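The residues making up each chain are set out below.
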Amino acid sequence: MISRTTTRISKSPPPKESRLVVLFGPDRGLELALPAVGAVVGASEAADVVLRDPAVSARHCSIRRAQSGFEVKDLGSKNGTFYDRIAIEKAIVPAGATLRIGGSLLLLAPEEEHVALPPSKASRFGELVGDSLPMRRAYAVLERVSNSNAAVLVLGESGTGKEVCARAIHEASARRAGPFVVFDASAASENLLESELFGHARGAFTGADRDRVGAFASAHGGTLFIDEIGELPLRLQPKLLRMLESGEIKPVGASKAQRFDVRVIAATHRDLADEVARGTFRGDVYFRLAVVEVHLPPLRDRPEDIAAISRVFLEREGAPASELAGPNLERLRCYAWPGNVRELRNVLTRAVALSAPGTPFRELPILIGASAASPQAPAVNADRPFLDAKAELVEGFERAYLRDLLARHGDNLAQAARIAGIERKHLYRLLDKHELRGASAPDEG
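Keep in mind that this is a model prediction, so the values were computed, not measured.

J.: Could you clarify how one ought to interpret the overall build of the chain in this entry?
T.: A tally of regular secondary structure across the chain gives 13 helices and 22 strands. Out of the 445 residues in the chain, the part that is buried amounts to 50%. Counting contacts in the chain only where the partners sit at least 6 residues apart, residues at least 24 apart contribute 63% of the total. Put simply, the chain shows about 21,300 Å² of open surface, and 52% of that area lies on carbon and sulfur atoms.

J.: Whenever I open this one, the packing of helix α11 (residues 386–409) against helix α13 (residues 424–433) confuses me. Can you help?
T.: Packed helices, taken two at a time, are described by the angle between their axes plus the distance between the axes. Running from N to C, α11 and α13 point in directions that differ by 110°, and their axes come no closer than 10 Å. Classified by the angle their axes make, α11 and α13 are roughly perpendicular. Considering only the axes of α11 and α13, their crossing is left-handed. Contacts between α11 and α13 involve E395, E398, L402, L405 and L406 from the former and L427, L430, L431 and K433 from the latter. Grouping the amino acids of the contact of α11 with α13 by side-chain chemistry returns six nonpolar, no polar and three charged.

J.: So what exactly am I meant to see when it comes to the sheet that holds strand β5 (residues 49–50) here?
T.: Pairing between the strands of a sheet comes from backbone hydrogen bonds, and it takes one of two forms, parallel or antiparallel. Read across the open sheet, the five strands follow the order β5-β4-β6-β7-β10; overall the sheet is mixed. The sheet is open, and its two borders are formed by β5 and β10 (90–93), each paired with just one other strand. Bridge count for strand β4 (residues 39–42) against β5 is two bridges, and the pairing is parallel. Considered in β5, the bridge of V41 is made with V49.

J.: Would you mind going over the packing of aromatic side chains with me for this structure?
T.: Aromatic ring pairs: the centre-centre distance and the angle between the two ring planes describe each pair. According to the stated counting rule, one finds four aromatic pairs in the structure shown. Pairing F180 with F225 gives two aromatic rings, centres 6.5 Å apart and planes at 10°, and the pair type is stacked. Taken together, the residues span a long stretch of sequence, with F180 in strand β17 (residues 180–184) and F225 in strand β18 (residues 223–227) at a distance of 45 residues. The pair formed by F180 and F225 is uniform in burial state, with each residue classed as buried. Ring geometry for F198 and F216: centres 5.8 Å apart, planes at 10°, overall stacked. Highlighted residues: F198 in helix α3 (residues 190–198) and F216 in helix α4 (residues 215–218), separated in sequence by 18 residues. You'll find F198 and F216 in the same group, each marked buried.

J.: Sorry if this is basic, but what is going on with helix α2 (residues 162–171) here?
T.: Turn by turn, an α-helix covers 3.6 residues, leaving residues three or four places apart pointing in a common direction. Here α2 lies mainly inside the structure; seven of its 10 residues are buried. Within α2 the residues assigned to the buried category are K162, E163, C165, A166, A168, I169 and H170.

J.: How should the pairing of β10 be read in this particular structure?
T.: Within a regular strand, side chains alternate between the sheet's two faces. Because side chains alternate across β10, one face comprises the buried residues A91 and V93, and the other comprises K90 and I92, none of which is buried. Of the pairings in the sheet, the one linking strand β7 (residues 69–74) to β10 comprises four bridges and is antiparallel in character. If you follow V72 over to β10, its bridge partner there is A91.

J.: Looking at this structure, I do not really get the sheet that holds strand β2 (residues 18–24). What am I missing?
T.: Strand order in the open sheet made by the six strands is β3-β2-β12-β11-β8-β9, with antiparallel pairing throughout. Edge strands, defined here as strands with exactly one partner in the open sheet, are β3 (31–34) and β9 (86–87). Pairing between β2 and β3: four bridges, direction antiparallel. Paired with V21 across the strands is E31, a residue of β3.

J.: Would you mind going over unusual backbone geometry with me for this structure?
T.: Although it is not a glycine, E323 sits at a positive phi angle of roughly 55°. Examined against the element boundaries, E323 turns out to sit in the loop between α8 (306–316) and α9 (327–334).

J.: Hey, could you run me through α3 in this one?
T.: Taken together, the buried positions of α3 are occupied by L193, E194, S195, L197 and F198. For α3, the elements touching its buried residues are β17, α4, β18, α5 (237–246) and β19 (248–249). Looking one or two places after α3, you find G199, whose phi comes out positive at around 85°.

J.: Would you take a moment to explain the environment of V72 for this structure?
T.: Its location among the elements puts V72 in strand β7. Spatially, the C-alpha atom of V72 lies 9.6 Å from that of Y83, the residues being 11 residues apart in sequence. Once residues within four sequence positions are removed from consideration, V72 is found in contact with S62, I63, T81, I88, E89, K90, A91, V93, L99 and L108.

J.: Before we go on, may I ask you to explain the packing of helix α12 (residues 413–420) against α13 in this structure?
T.: Where α12 contacts α13, the axes come no closer than 9 Å and their chain directions differ by 100°. Here α12 lies roughly perpendicular to α13, going by the angle between them. Contacts between α12 and α13 pair L413, A414, A416 and A417 from the former with R424, L427, Y428 and L431 from the latter. Split by residue class, the contact of α12 with α13 holds seven nonpolar, no polar and one charged.

J.: Whenever I open this one, the pattern of salt bridges confuses me. Can you help?
T.: Side-chain pairs of opposite charge can arise whenever the charged atoms involved come near each other. The full count for this structure, using the stated rule, is 20 salt bridges. R235 serves as the salt-bridge partner of E194, at 3.4 Å between the closest nitrogen and oxygen. Taken together, the positions of E194 in helix α3 and R235 in the loop between β18 and α5 put the pair 41 residues apart, joining distant regions of the chain. Judged by relative accessible area, which is 46%, R235 ranks as partly exposed. A salt bridge links R302 to D305; the shortest N-O distance between them is 3.0 Å. For R302, a relative accessible area of 2% translates into the label buried. You can call D305 buried: its relative accessible area is 0%. It is possible to trace a salt-bridge network through shared partners that takes in D84, R282 and D284.

J.: Is there a simple way to think about the nonpolar core in this case?
T.: A general trend in soluble globular proteins is that nonpolar side chains are found buried together. If you look at the biggest cluster of nonpolar residues, it comprises 39 residues, and the most contacted ones within it are F216, L224, I229 and Y286. Element by element, the count of residues in this core is highest for helix α7 (residues 283–289), at four residues. The residues contacting L224, other than those within four sequence positions of it, are V181, F183, L197, A215, F216, A219, V262, R263, V264 and I265. Counting residues in each nonpolar core, the second largest holds 25 residues, with F313, A321, W337 and V352 among its members.

Definitions and cut-offs
- Residues numbered from 1 in each chain as written.
- Predicted model: local features only at pLDDT ≥ 70, side-chain atom pairs only at ≥ 80, totals over all residues.
- Heavy atoms only, no water.
- Helix = DSSP H or I, 4+ residues; strand = E, 2+ residues; numbered from the N terminus.
- Buried < 20%, exposed > 50% of the residue type's maximum accessible area, 1.4 Å probe, protein only.
- Contact = heavy atoms within 4.5 Å.
- Areas by Shrake-Rupley, 256 points an atom, 1.4 Å probe, with all protein chains shown as cover.
- Axes fitted to C-alpha atoms, helices over the stretch in contact; angles between N-to-C directions.
- Parallel < 35°, antiparallel > 145°, perpendicular 65-115°, else oblique.
- Left-handed = near helix turned anticlockwise from the far one by under 90°.
- Nonpolar A, V, L, I, M, F, W, Y, C, P; charged D, E, K, R; others polar.
- Pairing = 2+ DSSP bridges.
- Phe/Tyr/Trp six-rings, centres within 6.5 Å; stacked < 30°, edge-to-face > 60°.
- Salt bridge = Lys/Arg side-chain N within 4 Å of Asp/Glu carboxyl O.
- Core = buried A, V, L, I, M, F, W, Y, C linked by side-chain atoms within 4.5 Å.

Encoded structure:
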């Protein structure tokens, strides 16, 4: 497992120390530092890194640090050394590259520098609100990183405000006058995702009757926020890596690459280090994206911030925001908030909508958790055929379930489908059936 802390900054190559991690094979979990002179990997006890994989040769390959990553040489192995499914004899591969030798997968990881920053004294950063210690630690990182062009990976549960965080970084940076473009990797169909992200040329595929400007081109001179980066298909990750390394992309069907000046901020609720270990996310892309990692804490870990956040939401609704105290505030502080800040916003928006204008906070109907739904069991009458009565109950259950699912996960339908345990296409059909597509609140990351 790759160790991480709240702030993880991967130094630019060549790192002072690099690590080799066995992701798959008989020695899975083995992690060791690569010496400055490099190391020979093989099955022989004389090798520097000894693997028990029977498909690995005695002296299989050598690995050493290079100016732009790692130099990998195959030492005449029987089964070859592969990078990106291509057999290599000698090659320079980037930090975060995954090699296959025999039946084993090896990750070449750069050094991680753990920076201990004192907590910020601020009580907010952009639209992020709260003066709890976890948030002030996050602000300390954001204040430092905003004035750079470093890629940032924002981690946190759904609803913690990852898009709000990305926008705050952009607004505090020298790029604030440029565009801020949001691209949700979980929202587009896989067939169209490449075109929406990188653009396409006229005639690139059936229906492409004109050139299309992709998200990268739209963000030129500014910031591109890629939400749910963990959903990006493996086949598109090499193209993203090229953009991160060189600033160049080639639109679908185009003959020439184009260069863009874009800062990339990505976000996900997934543990990308685990995704790399499982082979569902490329290690080299992960390390390019996670130059700096920012972890947004869940709302349940900072109940002292609930009053300040609630005041902001109430003011947006035009409701009285003074005197946030009493039983209503205690109810908000004691709830676990599985939907985090987004769920708190929805609860307060509903409370204001159900109240007369000017209703003070202490009198708002705060409905959270089970109290948000009717406690009464649905009526069952045997005045019609069994199948008709059952179908009516199922319809009511489906609609109530979908409404709550959308309230908890906003427009992140990929996350909603995973939580519900159904395929995304089936979720789309159910939402269309009940005319609920687009009924959810805007996603805040």
